[in-house]
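Notes for the structure review
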Amino acid sequence: MTNEEFLKFMQKEFDKLMELQKVKSSEYTINNFDENFEMASKLLNASKEQIALYYMTKHVVSIYDIILNKRNYDKLDEKINDTIMYLLIINALVKMKKE
């Protein structure tokens, strides 16, 4: 894969992530993207960032399982995209906390 092909691949994946976030945010929030994390943080006595990290861990474990056991490759894109979304959410939560 050339650098140009990789950049096109990345752009396609970023576009998919934007669409995924639009769908997911309509499922889990009313006003603010972090409502779900706020509720979970109160229930579990953890920070919103920790909650996002816990949620992300499930997807990381799935990625390990797919790669190590060489199965369910059809789920790999979904798990990677979900992991990227959680990394972005963690980043946003940290930035919000600093403001």
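Keep in mind that what you see is a predicted model, and the values were worked out from it rather than measured.

1. Some words on unusual backbone geometry
Although it is not a glycine, asparagine 45 adopts a positive phi angle of roughly 55 degrees. For asparagine 45, a relative accessible area of 71% corresponds to the exposed category. Unusually for a residue other than glycine, asparagine 72 sits at a positive phi of about 55 degrees. Structurally, the position occupied by asparagine 72 is in the loop between α3 (48-69) and α4 (76-98). You can call asparagine 72 partly exposed: its relative accessible area is 42%.

2. Topic: the nonpolar core
Residues Phe37, Ala40, Ala46, Ile51, Ala52, Met56, Tyr86, Ile89, Ile90 and Leu93 constitute the largest nonpolar core, which totals 10 residues. Of all elements in the fold, only α2 (35-44), α3 and α4 reach the threshold of two or more residues within this core. Counting residues per element, this core draws most heavily on α4, which supplies four residues. Residues contacting methionine 56, with those up to four places away along its chain left out, are Thr83, Tyr86, Leu87 and Ile90.

3. Description of the packing of aromatic side chains
When we look at a pair of aromatic rings, we describe it by the centre distance and by the angle of the planes. Under the defined criterion, the tally for this structure stands at four aromatic pairs. Ring centres of phenylalanine 6 and phenylalanine 9 lie 6.1 Å apart, and the angle between their planes is 25 degrees; on these two criteria the pair is classed as stacked. Of the two residues, phenylalanine 6 and phenylalanine 9 are both situated in helix α1 (residues 3-28); the distance of three residues between them amounts to about one turn of the helix. The class of phenylalanine 6 is partly exposed, set by a relative accessible area of 39%. With centroids separated by 5.7 Å and ring planes inclined at 40 degrees, the aromatic side chains of phenylalanine 37 and tyrosine 55 adopt a geometry described as tilted.

4. What to know about the environment of methionine 56
Along the chain, methionine 56 falls in helix α3. Sequence separation between methionine 56 and isoleucine 80 is 24 residues; the distance between their C-alpha atoms is 10.0 Å.

5. Here we look at a nonpolar patch on the surface
A cluster of nonpolar side chains, Tyr64, Ile67, Leu68 and Tyr73, forms an exposed patch at the surface whose accessible area comes to about 470 Å². Looking at the element boundaries, tyrosine 64 is found in helix α3. For tyrosine 64, a relative accessible area of 54% gives the class exposed.

6. Looking at the pattern of salt bridges
By the definition in use, this model includes nine salt bridges. As a salt-bridge pair, glutamate 49 and lysine 97 come within 3.3 Å of each other at their nearest N and O atoms. With glutamate 49 in helix α3 and lysine 97 in helix α4, this residue pair connects regions lying 48 residues apart in the sequence. The exposure class of glutamate 49 is buried, given its relative accessible area of 12%. A network of salt bridges, in which partner residues are shared, links Asp34, Glu38, Lys42 and Lys48.

The rules we used
- Residues numbered from 1 in each chain as written.
- Predicted model: local features only at pLDDT ≥ 70, side-chain atom pairs only at ≥ 80, totals over all residues.
- Heavy atoms only, no water.
- Buried < 20%, exposed > 50% of the residue type's maximum accessible area, 1.4 Å probe, protein only.
- Helix = DSSP H or I, 4+ residues; strand = E, 2+ residues; numbered from the N terminus.
- Core = buried A, V, L, I, M, F, W, Y, C linked by side-chain atoms within 4.5 Å.
- Contact = heavy atoms within 4.5 Å.
- Phe/Tyr/Trp six-rings, centres within 6.5 Å; stacked < 30°, edge-to-face > 60°.
- Patch = residues over 30% accessible without salt bridge, like charges linked within 9 Å, V, L, I, M, F, W, Y side chains within 5 Å.
- Areas by Shrake-Rupley, 256 points an atom, 1.4 Å probe, with all protein chains shown as cover.
- Salt bridge = Lys/Arg side-chain N within 4 Å of Asp/Glu carboxyl O.

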